[in-house]
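# Fold and contact review
This is what each chain is made of:
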Amino acid sequence: MTQLLPPPPPFPPAPFGQTPPPQRRPRRSGFAVAVLTGALVVGGGAGIATAAIYDNATGGSGGSATAPLSVVDNGNPKPASGSVESVAAAVLPSVVALEVSGGGAAGSGSGVVLDTSGTILTNDHVVTLGGQIPADQAEVTVSFSNGKKVRATVVGTDPLTDTALVKVEGVSDLKPITIGKSSNLDVGEQVVAIGSPFGLDATVTSGIVSALDRPVEVARDAQGNATAYPAIQTDAAINPGNSGGPLVNMDGQLVGINASIRSTGSGQGAEAGSIGLGFAIPIDEVLPIIDQLRAGETPTHARLGIQVSDVSGTAGSSDTTLTGARIAQLEKGSAAAAAGLKQDDVITAIDSHQIDGSEALIATIRAYRPGDTVKVTYLRDGKDSTTELKLGSDS
């Protein structure tokens, strides 16, 4: 199951000056006690065994047991260029933790500083607490890497791309992140994720790009509009609270916004956790949305003007090898209708992107902008055909 990263549960209050420990799941407390008890037993046994080996080696005399232990001091050399250490040093000052509350609900997430005026990029589902509250009712607190906390206001959100901007005022010495190009990524390339999983600020994890253009749909609204994107898949550990934080390349450049994970659990919250299948929204796809939000505009999205369903095999045929998105309905005057597409046509590709179902089609179109021209490959009456069309807009 692919799901948005839910906001982690808040930590219980702790005495002043103490850092609250990460929450343990109550249903596993008995297991934890058993493990700890076992560790003590094993530790005791290991200590006895080690002492016996030492006595055998020294004839039981104890040798120079009181001699001081030697320490090797390599100093603290400058991190090597292109290392995870150098990336963390460069990017951490640009990453923030977000605490969000409203309507009796609360949660947390991550964000990244975009400019010196205090604009911060995060996910829509972070500021709306997964759709529990309207964005304009969110009370947002931003925590910076230097420990400073500031209230923020929501500039704008775009649920269809799971993008949101918040802004802080009166904060100096902000360090904007360097923005890279997600289209330059390759499968197997090393990447670093930074954020606040389960409220643990400034957590750095690393991994590789596991796949590109992975169709990920995480939600649908009451009108059937899908939150979907052609995701960067990574095995860098991503957990609840990482949402909105950056995925960066080894030059420390922003290439994606961490947003969702595949979980073995069927629900959100305590069941969600990293199993090495994390997904980030490619920065190339949301930069136009970010620009519109910064300008105070309503975000626009490309549209084909059709309703689609998954297909496996043609109607009345035993062929189960066919995959694609079957056109169930066309809107009058839509881009698809103007290009000659018809009901029951099966779309199998957009430009060079293979389409194996409705989710893939929605995610792929989400990567384009209104007015872009695309080549559509489709199957009609058992024959492959192509057509070019100019994408419409939902504005």
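Residues numbered from 1 in each chain as written. Predicted model: local features only at pLDDT ≥ 70, side-chain atom pairs only at ≥ 80, totals over all residues. Heavy atoms only, no water.

The next thing to look at is the environment of Ser 145. Here Ser 145 shows up in the loop between β5 (139-143) and β6 (149-158). Once you skip the residues sitting within four places of it in the chain, Ser 145 turns out to touch Leu 92, Pro 93 and Val 95. (Helix = DSSP H or I, 4+ residues; strand = E, 2+ residues; numbered from the N terminus. Contact = heavy atoms within 4.5 Å.)

With that settled, consider helix α2 (residues 84-91). Listed in full, the buried residues belonging to α2 are Ser 86, Val 87, Ala 88 and Val 91. In this structure, the buried residues of α2 make contact with β2 (95-102), β9 (190-195), β10 (203-220) and β12 (246-248). (Buried < 20%, exposed > 50% of the residue type's maximum accessible area, 1.4 Å probe, protein only.)

Turning our eyes to something else, we now look at the side chain of Thr 364. Looking at the element boundaries, Thr 364 is found in helix α6 (residues 358-366). Once residues lying within four places of it in the same chain are set aside, the contact partners of Thr 364 are Ile 350, His 353 and Ile 355.

This part is about the sheet that holds β5. Strand order in the closed barrel made by the 6 strands is β2-β3-β4-β7-β6-β5, with antiparallel pairing throughout. Neighbour-to-neighbour, the strand axes of the sheet open up by a mean angle of 40 degrees, direction not taken into account. In this structure, strand β4 (residues 119-122) lies alongside strand β7 (residues 163-167), joined through 4 bridges in antiparallel fashion. If you follow Thr 122 over to β7, its bridge partner there is Ala 164. Where helix α4 (residues 283-294) meets the sheet, it contacts β4, β6 and β7, and its direction lies at approximately 45 degrees from that of β7. (Pairing = 2+ DSSP bridges. Axes fitted to C-alpha atoms, helices over the stretch in contact; angles between N-to-C directions.)

The next subject is the pattern of salt bridges. This model, assessed by the stated rule, comprises 5 salt bridges. One salt bridge in this structure joins Glu 139 and Arg 151, with 4.0 Å as the shortest N-O distance. Of this pair, Glu 139 sits in strand β5 while Arg 151 sits in strand β6; the two residues are 12 residues apart in sequence, bridging distant segments of the chain. Across the pair Arg 380 and Asp 345 runs a salt bridge, and its minimum N-O distance is 2.7 Å. (Salt bridge = Lys/Arg side-chain N within 4 Å of Asp/Glu carboxyl O.)

This brings us to the environment of Ser 263. With respect to the helices, strands and loops of the structure, Ser 263 is situated in the loop between β13 (253-262) and β14 (278-282). Take Ser 263: its relative accessible area is 5%, and that puts it in the buried class. Sequence separation between Ser 263 and Leu 4 is 259 residues, and the spatial gap between their C-alpha atoms is 9.9 Å.

Approximately 550 Å³ is the volume attributed to the second largest pocket. Forming the walls of the second largest pocket are 21 residues, and the residues nearest its centre are Gly 224, Asn 225, Arg 303, Ile 306 and Ile 362. Of all the secondary-structure elements, those providing two or more residues to the lining of the second largest pocket are β15 (302-303), β16 (306-312) and α6. Considering every element that reaches the lining of the second largest pocket, the biggest residue donor is α6, with 5 residues. Considered class by class, the residues forming the lining of the second largest pocket number 9 nonpolar, 7 polar and 5 charged. (1 Å grid on protein atoms, 1.4 Å probe; cavity = no way out; pocket = protein on both sides within 12 Å on 5 of 7 lines; lining within 4 Å. Points joined across faces, edges and corners; volume = space filled by probe spheres on them. Nonpolar A, V, L, I, M, F, W, Y, C, P; charged D, E, K, R; others polar.)

Within a regular beta strand, the side chains point alternately toward one face of the sheet and then the other, so they alternate between its two faces. The sheet contact formed by β5 and β6 spans 4 bridges and is antiparallel. Bridging across to β6, Thr 141 finds its partner in Arg 151. Where β5 folds back on β6, the antiparallel hairpin that results is connected by 5 residues, among which Gly 147 adopts a positive phi of roughly 95 degrees. The antiparallel pairing of β6 with β7 creates a hairpin that spans 4 residues between the two strands, and Asp 162 there sits at a positive phi of about 55 degrees.

Mapped onto the elements of the fold, Thr 163 is located in strand β7. Of note is the side chain of Thr 163, whose polar atom sits 2.9 Å from the side chain of Thr 161. Beyond its immediate stretch of four places on either side in the chain, Thr 163 contacts Leu 121, Thr 122, Asn 123, Asp 124, Thr 157, Asp 158, Val 286, Ile 289, Ile 290 and Leu 293. (Polar contact = N/O pair within 3.5 Å; in protein donor to acceptor, adjacent residues only side chain to side chain.)

Counting residues in each nonpolar core, the largest one holds 27 residues, and the members touching the most others are Val 91, Leu 121, Tyr 229, Leu 254 and Ile 290. Those elements giving two or more residues to this core turn out to be α2, β9, β10, β11 (226-234), β13, β14 and α4. Counting residues per element, this core draws most heavily on α4, which supplies 5 residues. In terms of domain composition, this core takes at least three residues from each of domain 1 (84-168) and domain 2 (182-262 + 274-295). Setting aside its immediate chain neighbours within four residues, Ile 290 contacts Leu 114, Leu 121, Thr 163, Leu 165 and Ile 283. Core analysis: the next-biggest nonpolar cluster, separate from the first, contains 22 residues, Phe 144, Val 150, Ala 152 and Val 168 among them. (Core = buried A, V, L, I, M, F, W, Y, C linked by side-chain atoms within 4.5 Å. Domains from an automatic or database assignment.)

To continue, consider the confidence of the model for the chain. Low-confidence regions, as indicated by low pLDDT, have predicted coordinates that should not be scrutinised in detail. Scored by pLDDT, the chain comes out at a mean of 84, with 80% of its residues at no less than 70. The model gives residues 11-61 a pLDDT under 50, and that stretch makes 22 contacts with residues more than four places away or in other chains. Counting interchain partners and residues more than four positions distant, the pLDDT-below-50 stretch residues 313-317 has 9 contacts. (pLDDT = per-residue confidence, 0-100.)

For the rest of this paragraph, the subject is unusual backbone geometry. Despite not being glycine, Leu 129 shows a phi value in the positive range, around 55 degrees. Relative to the helices and strands, Leu 129 is located in the loop between α3 (124-127) and β5. Non-glycine residue Asp 351 carries a positive phi angle of around 50 degrees. Relative to the helices and strands, Asp 351 resides in the loop between β18 (346-350) and β19 (353-354).

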